[in-house]
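Here are the chains, one letter per residue:
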Amino acid sequence: MPGRLPRRVLALLLGALTGVTAVAAPARAGDAGDVTEYPITTTADSLPAGIAAGPDGALWFTQSGAARIGRIAADGTVTDRRTPTPGSAPFAITPGPDHALWFTEQAAGRIGRITTSGTVTEFALPRAASAPAGITRGPDGALWFTEPGTNRIGRITTAGRISEYPVPTAAALPYGIAAGAGGALWFTELAGGRIGRIETTGRITEFPLPSRADFPEDIVAGPGGMWFTASGSDSVDRIDGTGRVTRFPLPGADGDPGGIAAGPDGRVWFTDRSGRIGRVAADGGITVVPVPAGPDKSPFRLTAGPDGTVWFTELLGNAIGRIQPA
């Protein structure tokens, strides 16, 4: 059913981050930039989820509730294409090494590819219940993705050849994934309370987080290690190559960090579904900018744009937002 998994994630992930090994500089409320919002006019209730900068200078995003892939130009003009499989629930999206964009289809159990001209191709995964979630370009020229439905990490070449690697922890729900330093990829375990590292050979190492209440969600490479969010927590966190976790507290007591990305300014940016977009400064302090009516719109995922801006999806707001960093 389109949009089912994203809605469930929003409703159920209530873990709070405790017991971390270090605490960074205090957060501070402030103005990280100016927000502009662009409504998605092609379809209602599209549940825009993942977003990525394309090789054509536009931003591409998934519409998990409408089984479409959208494109938004720098001037806010939105167009989209349907996926061949109805009700596919496309979720994460990433630029590939072949000048196309690759995305996961959670309900269809497929990996999709869309060219900048709008041609869509789908690749069925070996197990229909895989529910692929996160996806990223790997250092080996392939696309790597998570399969929370079957507890595996997947790899697909640009020719469509698929390999899978089981996660050691049972029922871990691998979710977000990103390439890191040293030629490996790092992923979050939504129900496992762990951060995983997978080498391109398929070897997996897991790092337990300090608290079993952690629900790590999205992840990205940044200064000093891999940065990740934990749903329902009050911080953004960093893990180094040894598994040591540092906590960066959010301003306020109602934080719900979701997406995380490297910004055009070299800083780590994140979405807060309580209605904010945040940035981690060089000293570890956090500044935020409110999204108008943000809690009702649920800022979800974000990415650096080609024009020095940060773009984000509004999962429940049926819109794409843009921030001009201060």
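Keep in mind it's a predicted model, so treat the numbers as computed, not measured.

## Some points on the nonpolar core
One finds F91, W102, I111, I135, F145 and I156 to be the most contacted residues of the largest nonpolar core, which totals 18 residues. For this core, the secondary-structure elements that each account for two or more residues are β7 (90–95) and β12 (143–147). For I156, the contacting residues outside a window of four places in its chain are W102, I111, F123, A142, L143, F145, R161 and I162.

## Points about the pattern of salt bridges
Per the stated rule, a full pass over the model turns up 16 salt bridges. Here R68 makes a salt bridge to D80, at a shortest N to O gap of 3.2 Å. You can see R68 sitting in strand β5 (residues 68–72) and its partner D80 sitting in strand β6 (residues 78–82), a full twelve residues away along the chain. D80 carries the same exposure label as R68, and that label is buried.

## Thoughts on the confidence of the model for the protein
Chain-level pLDDT for the protein is 89 on average; 89% of the residues reach the 70-or-more range. Within the model, the stretch residues 1–30 combines pLDDT values under 50 with 88 contacts to residues more than four positions away or in other chains.

## Here we look at the side chain of E164
For E164, the position within the fold is in strand β14 (residues 162–166). For E164, the side chain forms a polar contact with the side chain of R127, separated by 2.3 Å. Those residues within four positions of E164 in sequence are excluded, and the remaining contacts are P126, R127, E147, R152, I153 and G154.

## What about the sheet that holds strand β25 (residues 276–280)?
The pairing of strands in a sheet happens through backbone hydrogen bonds and is either parallel or antiparallel. One open sheet holds the four strands; their spatial order is β23-β24-β25-β26, and the pairing between them is antiparallel. Of all strands in the sheet, those with a lone pairing partner are β23 (257–262) and β26 (286–290), marking the two edges. Within the sheet, the average angular offset between the axes of one strand and its neighbour, ignoring direction, is 25°. Across five bridges, the pairing between strand β24 (residues 268–272) and β25 is antiparallel. The residue of β25 that forms the bridge with V268 is V280.

## A short note on the environment of I277
Looking at where I277 falls in the secondary structure, it is placed in strand β25. When its relative accessible area of 0% is taken as the criterion, I277 is described as buried. For the pair formed by I277 and L302, sequence separation is 25 residues and the distance between their alpha carbons is 9.1 Å. Residues contacting I277, with those up to four places away along its chain left out, are W269, F270, T271, T287, V288, V289, V291, P299, L302, F312 and I323.

## Section: the pairing of β25
Most of β25 is tucked away: five of the five residues are buried. Burial of the side chains of β25 extends over both faces: R276, G278 and V280 are buried on one face and I277 and R279 on the other. Hairpin connection from β24 to β25: three residues lie between these consecutive antiparallel strands, with G275 at a positive phi of about 120°.

## Quick word on the packing of aromatic side chains
What the rule picks out here adds up to seven aromatic pairs. Summarising the aromatic geometry, the rings of F91 and F300 are spaced 5.9 Å apart at their centres and angled 65° between planes, so their arrangement reads as edge-to-face. Of this pair, F91 sits in strand β7 while F300 sits in strand β27 (residues 299–304); the two residues are 209 residues apart in sequence, bridging distant segments of the chain. With a relative accessible area of 5%, F91 lands in the buried category. What makes F300 buried here is its relative accessible area of 0%. Through pairs of rings, three or more aromatic residues link up here, namely F91, Y175 and F300. We note R301 situated over the ring of F300; from NZ or CZ to the ring centre the distance is 4.3 Å.

The rules behind each value
Every chain is numbered on its own, with residues counted from 1 as its sequence reads. In keeping with the model being predicted, local features are shown solely for residues with a pLDDT of at least 70 and side-chain atom pairs are shown and tallied solely at 80 or more, while totals for entire chains, interfaces and linings include all residues. Excluding hydrogens and water, the side-chain figures rest on all heavy atoms present in the structure. Among buried residues, the Ala, Val, Leu, Ile, Met, Phe, Trp, Tyr and Cys ones that are joined through side-chain atoms within 4.5 Å form a nonpolar core. Burial classification: accessible surface area is computed with a 1.4 Å probe over protein chains only, and a residue below 20% of its type maximum counts as buried, one above 50% as exposed, and the rest as partly exposed. In this text, helices come from DSSP runs of H or I with a minimum length of four residues, and strands from runs of E with a minimum of two, each type numbered from the N-terminal end. When checking whether two residues touch, look at their non-hydrogen atoms; a contact exists if any pair is within 4.5 Å. Every case where a carboxyl oxygen of Asp or Glu lies within 4 Å of a side-chain nitrogen of Lys or Arg is listed as a salt bridge. Scored from 0 to 100, pLDDT records how confident the predictor is in each individual residue. As used in this structure description, the phrase polar contact means that two N or O atoms lie within 3.5 Å; if the pair is within protein, one of them must be able to donate a hydrogen and the other to accept it, and residues adjacent in sequence are counted only when both atoms belong to side chains. The pairing criterion for strands is at least two bridges between them, as found by DSSP. A fitted line through C-alpha atoms represents every axis, and for helices the fit uses only the stretch in contact; the resulting angles, taken between N-to-C directions, go from 0 to 180 degrees. Stacked, tilted and edge-to-face pairs are distinguished by plane angle, under 30 degrees for stacked and over 60 for edge-to-face with tilted covering the rest, among Phe, Tyr and Trp rings (Trp via its six-membered ring) whose centres lie within 6.5 Å. For a ring to carry a charge above it, either NZ of a lysine or CZ of an arginine must fall within 6 Å of the ring centroid while also lying within 35 degrees of the normal to the ring plane.

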